[in-house]
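# Fold and contact review
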Amino acid sequence: MMPICITGTPGVGKSTVAGILRDSGFRTLSVGELALEAGFILGRNPDRGYLEVDIKSLCSHVEGLEGDDAILEGHLSHLCSCCSMVIVLRLHPKILEGRLKARNYPEEKITENLEAEVLDVCLVEAVEIHGERVHEVDTTGRSASEVAGIIMDIINGDRVCPPGGVDFSGWLLGDGKAF
């Protein structure tokens, strides 16, 4: 199996878009659910409280799954080198902040995720591992259905969204742009 991985900072819309793709006939797998079901949780980070995943075991497990190509969704999915393609979803930090607050994330975790989004953490990691197989999609101002359509176009080879087209650094620098 060579999954197509959909990744991005928590809150950018990965799970919602994966649900639409599932309803459109794609086989979708959640990294978080796979890690829990297969027992790849190493424990809980004592400082930040999140579950720590054994990435090496998770990726080996994904490589060993039988069946058609699937969509592997989750903010750690890009760490699996077996991805045939990686689509990094991005979202303006101001909107992301609202989503994370609505999920009742602690302020420290919100700040950490906003910084990760502005500094392109998932994108940089994905490009380091997958190179030219990475696409970047800005979800800002787009419905989940629109984003799913863009992803289907990428998968079908009808659209290319190379990395480097999204820049939220101005938000970090306080340029005053809402989005």
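A brief look at the structure comes next. If you're wondering where the values come from, they're calculated on a predicted model, not measured in any experiment.

### Description of the pattern of salt bridges
- Summed over the entire model, instances satisfying the criterion amount to six salt bridges.
- Residue Arg159 pairs with Asp153 through a salt bridge whose shortest N-O separation is 3.9 Å.
- On the accessibility criterion, Arg159 (32% relative accessible area) is partly exposed.
- Here Asp153 falls in the partly exposed class, since its relative accessible area comes to 27%.
- Ionic contacts of the salt-bridge type, sharing partners, join the residues Arg90, Glu117, Asp120 and Glu136 into one network.

### Brief notes about the packing of helix α4 (residues 93-102) against helix α5 (residues 107-118)
- Remark: α4 packs on α5, axes separated minimally by 10 Å, with the N-to-C direction vectors making an angle of 150°. Taken together, the axes of α4 and α5 lie roughly antiparallel to each other. You can see that α4 and α5 cross each other, and the crossing is right-handed. Each of Pro93, Leu96, Glu97, Leu100 and Lys101 in α4 lies in contact with α5, whose residues at this interface are Glu107, Ile110, Asn113, Leu114, Glu117 and Val118.

### Here we look at unusual backbone geometry
- With a phi close to 65°, Asn104 is a non-glycine residue in the positive phi region.
- One can find Asn104 in the loop between α4 and α5.
- Not every positive phi belongs to a glycine, and Asp120 is a case in point at roughly 60°.
- Here Asp120 shows up in the loop between α5 and α6 (121-130).
- A relative accessible area of 21% places Asp120 in the partly exposed class.

### Remarks on a nonpolar patch on the surface
- A grouping of Leu119, Val121, Leu172 and Leu173 is seen on the molecular surface, where their side chains present a nonpolar patch of about 400 Å² in accessible area.
- Along the chain, Leu173 turns up in the segment after α8 (169-172).
- Looking at Leu173, the relative accessible area reads 72%, which means it is exposed.

### A word on the packing of helix α2 (residues 31-38) against helix α3 (residues 55-63)
- With their axes 10 Å apart at the nearest point, α2 and α3 run at an angle of 100° to one another. The orientation of α2 relative to α3 falls into the category roughly perpendicular. Contacts from Val31, Leu34, Ala35 and Ala38 of α2 reach α3 at Leu58, His61 and Val62.
- When grouped by side-chain class, the residues that make up the contact of α2 with α3 number six nonpolar, one polar and no charged.

Rules and cut-offs
- Residues numbered from 1 in each chain as written.
- Predicted model: local features only at pLDDT ≥ 70, side-chain atom pairs only at ≥ 80, totals over all residues.
- Heavy atoms only, no water.
- Salt bridge = Lys/Arg side-chain N within 4 Å of Asp/Glu carboxyl O.
- Buried < 20%, exposed > 50% of the residue type's maximum accessible area, 1.4 Å probe, protein only.
- Axes fitted to C-alpha atoms, helices over the stretch in contact; angles between N-to-C directions.
- Helix = DSSP H or I, 4+ residues; strand = E, 2+ residues; numbered from the N terminus.
- Parallel < 35°, antiparallel > 145°, perpendicular 65-115°, else oblique.
- Left-handed = near helix turned anticlockwise from the far one by under 90°.
- Contact = heavy atoms within 4.5 Å.
- Patch = residues over 30% accessible without salt bridge, like charges linked within 9 Å, V, L, I, M, F, W, Y side chains within 5 Å.
- Areas by Shrake-Rupley, 256 points an atom, 1.4 Å probe, with all protein chains shown as cover.
- Nonpolar A, V, L, I, M, F, W, Y, C, P; charged D, E, K, R; others polar.

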